[in-house]
Structures are given as structure tokens and as C-alpha cells.
Amino acid sequence: APTARGTRAGAITIDMQGPPHIIMLSGGGLAPTITFSPTSLLFASQAFGTASAPQNVVLANQGDLELAINSISITGDYSRTHDCGATLPVNEFCTISVAFTPVLPGTRNGAITVSSNAIGSPHTVALSGSGSGPFFFATPLSLAFGNQVINTTSAPKNVTLRNSGTVAMTITDISASGEFSRSGSCTTINPGATCIITVAFTPSSVGLKTGLLTITDSAFGSPHVVPLSGFGVDVVFSPSSLNF
């Protein structure tokens, strides 16, 4: 029952009176094998949200038996196509084509995983690349103003815009919809820098009010939005309770 390819040697040893009797054993192990060329892929810096030019990995069966391929999967910010069938004859090869589409800044790792009947399955090819360009992030992700007397303006709340990318981010428009207004101006945010936008709430009637702070910029995913909400009320008590 061979566990590896090639000549496999062994022996039967019979202990008796006198010298042990030894019967020599040998056999050949047969198996399909998987080899990758190259064994890993490194992608150049790629703009967020855009697909790179594809790179290829050649999968070959250099074993003794037909290779049965169960699945070819990929992880991370990578996509793949391939011309591999369900089986691969001895000394034949197929090609896996990989593209890189980063969605976050920094180094982005992934892997191709091939599941098969080859010894040592599953086999993997390491993938690596980095995302580049401006990258938008807002704090907080939403603003809730609570109760506000109609036709009066709330205390302002701030939204901090951050560029977590590698290239300066250009902002072309910032607007607030509904019964919300904004102040502050951001035009260019350098990598790692921030800019503050101030939002106020002025309800014109009673009830739940919603809106959006919309930022149009040069970063992946633009325009970006921050949900806004508040309640218009016609009377408030101050304080809201009394404790004697």
C-alpha cells in the first residue's frame, strides 16, 4: 500500500532459532502529482476597485496516473478563470488566470486552492498585491440628532472624513439632503489626513426626519453617504424628569 511515488522497499523478518530469516520486498508507487509554475504570484500596486492585468499559473500533472480535479477556488481580492477540466492526463497541463481587484489599502493576500486526488491535496498558490489610491472613510458612519423643536436648529454634530489611502483624495461636492444642513469645506485630503464637516438639523414639522450627507470624491466607491436622522417635536421639557 504505497504512500509515495517511486520504488518502495521493505522486508519481512521471521525470528527463529539462529539468524533471522528476511524476505526482501519492493514495489513501485503510482500517483498523479500537481506542480505549479510559478508557485506564487505577486501583483504590482493596483488602484482600488480596478482589476489588474491577469497573471497565469500553469498546473501540470507530472505523475504516473490521471489527475482528478475536484475544485479550483480562490480567496482574497482575487478572481480566477481556468481551462482545466475534471481530469488531467499524465504530462499534460492547464492554465489558471488570476486578476487582482483590491478593495482595501495595504497588502492584500489570497490563495488559489486546488483539491484533487493527488497526494498532499489540497495544494495552494500564494497570492499577494497591494491596493493604492485615495481611500474614503467617515466617522461616525451615521448621525442621529434625537428630538428637536420644530423650526429651531440643533447643536451641530461633526463628521470626520479621512483618507486612508496612498494618494491625495479630491472632493468635488458635499451636500446634505432633507431637513439637514452642512458647513465646512474639504477639497483635498492627503493620505492619512482628515477634514471635518459640521451638520445641523432644523425640522419643519413633527415626526421622524431622515436625510443623507453625500460626499462626491475621487476615491473608490464614490459618492459616499452618511445617513442622517432626527425627530421633530413641538414641545420639550427641561429637565425631562424631576427627582424629589
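Our structure is the block above this text.
To start, this report covers the structure provided alongside it. No experiment lies behind these values; they were computed from the predicted model shown.

1. Some remarks on the packing of aromatic side chains
Now for step 1: All chains considered together, the criterion is met by seven aromatic pairs.
Now for step 2: Measuring from ring centre to ring centre gives 4.9 Å for tyrosine 78 and phenylalanine 100, while their planes differ by 20°; the resulting arrangement is stacked. Highlighted residues: tyrosine 78 in strand E8 (residues 78–82) and phenylalanine 100 in strand E10 (residues 93–100), separated in sequence by 22 residues. By the burial criterion, tyrosine 78 is buried, and phenylalanine 100 matches it.
Now for step 3: Aromatic pair phenylalanine 145 and phenylalanine 180: ring centres 5.8 Å apart, planes at 45°, arrangement tilted. Of the two residues, phenylalanine 145 is situated in strand E14 (residues 143–149) and phenylalanine 180 in strand E17 (residues 180–183); the sequence distance between them amounts to 35 residues.
Now for step 4: Look at phenylalanine 180 and you get buried, because its relative accessible area is 5%.
Now for step 5: One aromatic cluster is present, formed by Phe43, Tyr78 and Phe100 through successive ring pairs.
Now for step 6: For the cation-ring pair, lysine 157 lies above phenylalanine 145, with the distance from its terminal atom to the ring centre recorded as 5.8 Å.

2. A short note on the pattern of salt bridges
Now for step 1: Following the criterion strictly, the structure yields three salt bridges and no others.
Now for step 2: Measuring nitrogen to oxygen at the nearest pair gives 2.7 Å for the salt bridge that ties aspartate 64 to arginine 5. Of this pair, aspartate 64 sits in the loop between strand E6 (55–60) and strand E7 (67–74) while arginine 5 is found in the segment before strand E1 (6–14), placing the two residues 59 residues apart along the sequence.
Now for step 3: Aspartate 77 is paired through a salt bridge with arginine 108; the nearest N and O atoms lie 2.7 Å apart. With aspartate 77 in the loop between E7 and E8 and arginine 108 in strand E11 (residues 106–116), this pair connects stretches of sequence that are 31 residues apart.
Now for step 4: Classification of aspartate 77 as buried rests on a relative accessible area of 13%.

Rules behind the numbers
- Residues numbered from 1 in each chain as written.
- Predicted model: local features only at pLDDT ≥ 70, side-chain atom pairs only at ≥ 80, totals over all residues.
- Heavy atoms only, no water.
- Phe/Tyr/Trp six-rings, centres within 6.5 Å; stacked < 30°, edge-to-face > 60°.
- Helix = DSSP H or I, 4+ residues; strand = E, 2+ residues; numbered from the N terminus.
- Buried < 20%, exposed > 50% of the residue type's maximum accessible area, 1.4 Å probe, protein only.
- Lys NZ or Arg CZ within 6 Å of the ring centre and 35° of its normal.
- Salt bridge = Lys/Arg side-chain N within 4 Å of Asp/Glu carboxyl O.

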